[in-house]
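Summary of structural features
One-letter residues, chain by chain:
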Amino acid sequence: TLIAFDLPMAGPVELAIYGVNGRLIRRLGKDTREAGRQTVSWDCRDDAGGKVGSGIYFCKLEAAALDGGRSFTDIRKMMLLK
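Residues numbered from 1 in each chain as written. Predicted model: local features only at pLDDT ≥ 70, side-chain atom pairs only at ≥ 80, totals over all residues. Heavy atoms only, no water.

1. Notes on the pattern of salt bridges
As enumerated under the stated definition, the model contains seven salt bridges in all. A salt bridge links Asp 43 to Arg 26; the shortest N-O distance between them is 2.7 Å. One end of the pair, Asp 43, is in the loop between β4 (36–41) and β5 (55–64); the other, Arg 26, is in strand β3 (residues 24–33), and 17 residues separate them in sequence. With its nearest N and O atoms 2.9 Å apart, the salt bridge here joins Asp 74 to Arg 76. Taken together, the shared-partner salt bridges in this structure form one network comprising Glu 14, Arg 27 and Lys 30. (Salt bridge = Lys/Arg side-chain N within 4 Å of Asp/Glu carboxyl O. Helix = DSSP H or I, 4+ residues; strand = E, 2+ residues; numbered from the N terminus.)

What follows is the structure, encoded as structure tokens:
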């Protein structure tokens, strides 16, 4: 599964997947990215390497500007069908 997002400026980004109960399923990355279109791949596994089942998941994106500017958080609902 590819998760795409746009960054208006370079900065630190954290992307994580949560279950409907709010439990962290998988942290997909915590790094610094350049401005522009970004994609992150999720292999539909949890942090322990186990496969997750079909269902509703939430993708949380947290980003901040390198210059100390405003931070941004967005949460999107995803449906995983196998």
